[in-house]
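# Structural overview for review
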Amino acid sequence: MNTTKSNDRFIFRIVLAISFVVFAAVIVLNRKILPRPEIVPSFTYFLPKLNAFINGTCSMLLLLSFYFIKRKEIAKHKAVNITTFVLSSIFLLSYITYHYLADETVFPHENSLRPFYLLILFSHIILAALVLPLVLLSFYHGLKMNVATHRKFTRWSFPIWLYVTITGVIVYLMISPYYPINH
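For the structure given in this document, a descriptive report is provided here. (Residues numbered from 1 in each chain as written. Predicted model: local features only at pLDDT ≥ 70, side-chain atom pairs only at ≥ 80, totals over all residues. Heavy atoms only, no water.)

Scanning the chain for helices and strands turns up five helices and zero strands. Sequence-ordered secondary structure for the chain, helices as α and strands as β, is α-α-α-α-α. If you line up the chain on its principal axes, its C-alpha atoms span 55 × 35 × 30 Å. Per-residue burial over the chain gives 36% buried out of 183 residues. Carbon and sulfur atoms form 71% of the exposed surface of the chain, whose accessible area is close to 11,500 Å². Looking at the chain, you have 17 positive and 6 negative side-chain charges, and the mean spots of the two groups are 19 Å apart. (Helix = DSSP H or I, 4+ residues; strand = E, 2+ residues; numbered from the N terminus. Buried < 20%, exposed > 50% of the residue type's maximum accessible area, 1.4 Å probe, protein only. Areas by Shrake-Rupley, 256 points an atom, 1.4 Å probe, with all protein chains shown as cover. Lys, Arg positive; Asp, Glu negative; His and termini not counted. Charge placed at Lys NZ, Arg CZ, Asp CG, Glu CD.)

Moving on, we get to the packing of aromatic side chains. Applying the stated criterion across every chain, the model contains nine aromatic pairs. When the centroid spacing of 5.1 Å and the interplanar angle of 15 degrees are considered together, the rings of Phe66 and Phe158 count as stacked. Residue Phe66 is located in helix α2 (residues 47–70), and its partner Phe158 is located in helix α5 (residues 147–175); the two are separated by 92 residues in the primary sequence. For Phe158, a relative accessible area of 22% corresponds to the partly exposed category. Chaining the aromatic ring pairs together yields one cluster made of Phe85, Phe139 and Trp161. (Phe/Tyr/Trp six-rings, centres within 6.5 Å; stacked < 30°, edge-to-face > 60°.)

To continue, consider a nonpolar patch on the surface. A contiguous nonpolar surface patch, about 330 Å² in accessible area, is contributed by Ile82, Val86, Ile90 and Leu143. Per element, the largest residue contribution to the nonpolar patch is three residues, and it comes from helix α3 (residues 74–101). For Val86, the location among the structural elements is in helix α3. Given the relative accessible area of 44%, Val86 is considered partly exposed. (Patch = residues over 30% accessible without salt bridge, like charges linked within 9 Å, V, L, I, M, F, W, Y side chains within 5 Å. Salt bridge = Lys/Arg side-chain N within 4 Å of Asp/Glu carboxyl O.)

Attention shifts here to the layout of surface pockets. Of the pockets and cavities examined, the largest pocket occupies roughly 1,500 Å³. As for the largest pocket, its lining consists of 50 residues, and the residues nearest its centre are Val26, Tyr95, His99, His124 and Ile125. At the level of secondary structure, the elements contributing two or more residues to the lining of the largest pocket comprise α1 (2–31), α2, α3, α4 (114–143) and α5. In terms of residues, the lining of the largest pocket owes the most to one element, α4, which gives 14 residues. Estimated volume of the second largest pocket: approximately 720 Å³. Forming the boundary of the second largest pocket are 25 residues, of which Ile69, His77, His150, Arg151 and Thr154 lie nearest the centre. Those elements giving two or more residues to the lining of the second largest pocket turn out to be α2, α3, α4 and α5. Per element, the largest residue contribution to the lining of the second largest pocket is eight residues, and it comes from α5. Residues of the lining of the second largest pocket, tallied by class, amount to twelve nonpolar, eight polar and five charged. (1 Å grid on protein atoms, 1.4 Å probe; cavity = no way out; pocket = protein on both sides within 12 Å on 5 of 7 lines; lining within 4 Å. Points joined across faces, edges and corners; volume = space filled by probe spheres on them. Nonpolar A, V, L, I, M, F, W, Y, C, P; charged D, E, K, R; others polar.)

Next up, the structure:
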């Protein structure tokens, strides 16, 4: 029992460290502190579309995962969640790459939808930062088959993660006409 609590504390510290590093990376990229290449690689402008596709796919997979767990199909639930986690990891790498290479795209001030866009964007950003440690802890406890603790975390991580993936697609659809090179 003591070893389990010690392992859980260790994992918790790792989750916090990963979450902090990811959050710090996003802040640094947003501030454009790191030197960037003078010429933006052509693939860069495809990444937002890829990210929206990944987010949409993750939304569907999260709903499929929920369906499987309600039917007590644990193996399918686990496989879908692992797939969703891998896709979300690819999304994160793609997101970081895009924001490192490309200039920020601004939703036009004169567009009457700007307040709605900003509301969705800000809620998306805040919840995306909060959901990472919840998802990581949900996965840890799920993979250990610590069902009671897994459920406690997924009570929060599932709806927040689903909201983040759905609003990621909405943000993309709203901002995409304003990208410098629209592919």
